[in-house]
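Given next are the chains, with one letter for each unit.
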Amino acid sequence: MTGPGEVRCTLMRGGTSKGAYFLAGDLPAEPDARDDLLLRVMGSPDPRQTDGLGGGHPLTSKVAVVSRSADPAADVDYLFLQVAVDRPEVTDRQNCGNILAGVGPFAVERGLVPAGDPETSVRIRMLNTGELAVATFPTPGGRVDHAGTARISGVPGTAAPVVIEFPQGAGPLLPTGNVRDVVAGTEVTCVDNGMPVVLIPAEALGVTGYEEPGELEADAALARRLREIRLAAGPLMGLGDVEAATVPKLTLLAPPRDGGAVTTRTFIPVRCHTSIGVLGAASVAAGLRAPGGVGEGIAALPASGDLVRVEHPTGFLDVEVRVDPGPLVVRRTAVVRTARKIFDGTVFPRPAATAPVPAQPSGDRHDSAAR
Ligand code: NQM
């Protein structure tokens, strides 16, 4: 039983992200009221999100809204919402494959989908993009088992594996229609295999691509160049004005150093990811398979098979991606993630403001919130 203003909520790690998971029926149906509530739940706007569940970084300020699906092709619907950290903003303009990893286990535990034995597959309609994903995870004896031996880069310890498969996507792999574009004076490849991403040779921006995320974030000239590229790439990729959006992501490419296919540093789009997003990596991997793209001469793709190992600041992410040549079509994408329930209970949101909440002045480096 929850009291007035209180909300049932599950806090989960999904892949390398962390978020608050809700049943859609527990949140206001009207988007403005829902977003206002979520800002108060997460503690935004505030660089540290001290008064809420958020962790003071876009990767830990995420929300999943889950419900039974009316679509016969899906078991559940998943809406991803990025809650800005230091701005009063909530956006549904991007998807999140890391938070997606927790959706299947959450749906079983909250009674939306019956558990199989020893594993369960949940068909998930991702409302942000309209695309489908199938998540398979262990449910021995008909119960979700969060413990396991799978390890993913960027997360300490081990947990149960969540295998996520994405069937063929509906949209074009190359949203500008070109395998290379010159955007704001820089040659790039714009790609979308579940996440719009601009691939940029790191060298073209005067960096090696092996720097630590903090070092890259501190580079004001680089930030300016990335912003110019993003604002120009958005309309070319059919995304319209992306000034306030968290897409497209920008991935710097450099030759692999640890046996993978490529080294990456990904801007999401202002903060530099400490690893890489799942769908972001799926787009990078598919983009490297596009003949003539900017990854040529940088990436070392395996001679055969679907596996592409994407190196990132804290390790690597393996993506299986099958791209048909000719008119480029991504047939299948698959990744292994882990997810873990951290807390389940009642969240007590900060009371609704009677006047607009001003962004907190802070001595900290300015974090452009949803970014
Ligand atoms: O690309 C961060 C994350 C993500 C997105 C971001 C993600 C994905 O790591 O599928 O998971 O790019 O904003 O959670």
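Now for a quick tour of the structure. (Residues numbered from 1 in each chain as written. Predicted model: local features only at pLDDT ≥ 70, side-chain atom pairs only at ≥ 80, totals over all residues. Heavy atoms only, no water.)

Looking now at the layout of surface pockets. Taken as a whole, the largest pocket holds about 520 Å³ of empty space. Taken together, 30 residues make up the lining of the largest pocket; nearest its centre are T129, E131, D192, N193 and G194. Looking at the lining of the largest pocket, the elements with two or more residues in it are β8 (161-167), α5 (278-288) and β16 (329-347). Take the lining of the largest pocket: its biggest share by element is three residues, from β16. Broken down by class, the residue content of the lining of the largest pocket amounts to 16 nonpolar, ten polar and four charged. When residues of the lining of the largest pocket are sorted by domain, at least three fall in each of domain 1 (7-168 + 338-354) and domain 2 (181-327). (1 Å grid on protein atoms, 1.4 Å probe; cavity = no way out; pocket = protein on both sides within 12 Å on 5 of 7 lines; lining within 4 Å. Points joined across faces, edges and corners; volume = space filled by probe spheres on them. Helix = DSSP H or I, 4+ residues; strand = E, 2+ residues; numbered from the N terminus. Nonpolar A, V, L, I, M, F, W, Y, C, P; charged D, E, K, R; others polar. Domains from an automatic or database assignment.)

What follows deals with the state of the cysteines. Summed over the entire model, instances satisfying the criterion amount to zero disulfides. As a non-bridged cysteine, C9 has C96 as the owner of its nearest cysteine sulfur, 16 Å distant. Residue C9 is classed as buried on the basis of its relative accessible area of 0%. (Disulfide = S-S within 2.5 Å. Buried < 20%, exposed > 50% of the residue type's maximum accessible area, 1.4 Å probe, protein only.)

Here we come to the pairing of strand β12 (residues 249-254). Judged by how many residues are buried, β12 sits mostly within the fold: six of six residues are covered. Residues K249, T251 and L253 point to one face of β12 and L250, L252 and A254 to the other, with burial holding for every one of them. As judged from the five bridges shared by strand β11 (residues 196-201) and β12, these two strands associate in the parallel manner. Looking across to β12, one finds that V198 is bridged to L250. Pairing analysis gives five bridges linking β12 to strand β13 (residues 262-267), with the strands arranged antiparallel. Bridge pairing in β13 links L253 to T264. (Pairing = 2+ DSSP bridges.)

We now examine the packing of aromatic side chains. What characterises a pair of aromatic rings is the spacing of the ring centres plus the angle enclosed by the ring planes. Within the structure shown, the criterion is met by one aromatic pair. Ring centres of Y21 and F106 lie 5.7 Å apart, and the angle between their planes is 45 degrees; this geometry places the pair in the tilted category. Taken together, the positions of Y21 in strand β2 (residues 17-23) and F106 in helix α2 (residues 97-109) put the pair 85 residues apart, joining distant regions of the chain. As far as burial versus exposure is concerned, Y21 and F106 are alike and both buried. Its end group placed over the ring of F316, R309 keeps NZ or CZ at 3.6 Å from the ring centre. (Phe/Tyr/Trp six-rings, centres within 6.5 Å; stacked < 30°, edge-to-face > 60°. Lys NZ or Arg CZ within 6 Å of the ring centre and 35° of its normal.)

This part covers empty space enclosed by the protein. Under the counting rule described, the total for this entry stands at two cavities of 30 Å³ or more. For the largest cavity, the lining is made up of 21 residues, of which K62, Q94, K249, H273 and G277 are closest to its centre. Those elements giving two or more residues to the lining of the largest cavity turn out to be α2 and α5. Element by element, the count of residues in the lining of the largest cavity is highest for α5, at three residues. For the lining of the largest cavity, the residue count by class is nine nonpolar, ten polar and two charged. When residues of the lining of the largest cavity are sorted by domain, at least three fall in each of domain 1 (7-168 + 338-354) and domain 2 (181-327). The volume enclosed by the second largest cavity comes to roughly 30 Å³. Looking at the second largest cavity, the residues that line it are P105, F137, P138, V144, D145, H146, A160, P161, V162 and A339. Among the secondary structure elements, those contributing two or more residues to the lining of the second largest cavity are β7 (131-138) and β8. Its residues placed into classes, the lining of the second largest cavity shows eight nonpolar, one polar and one charged.

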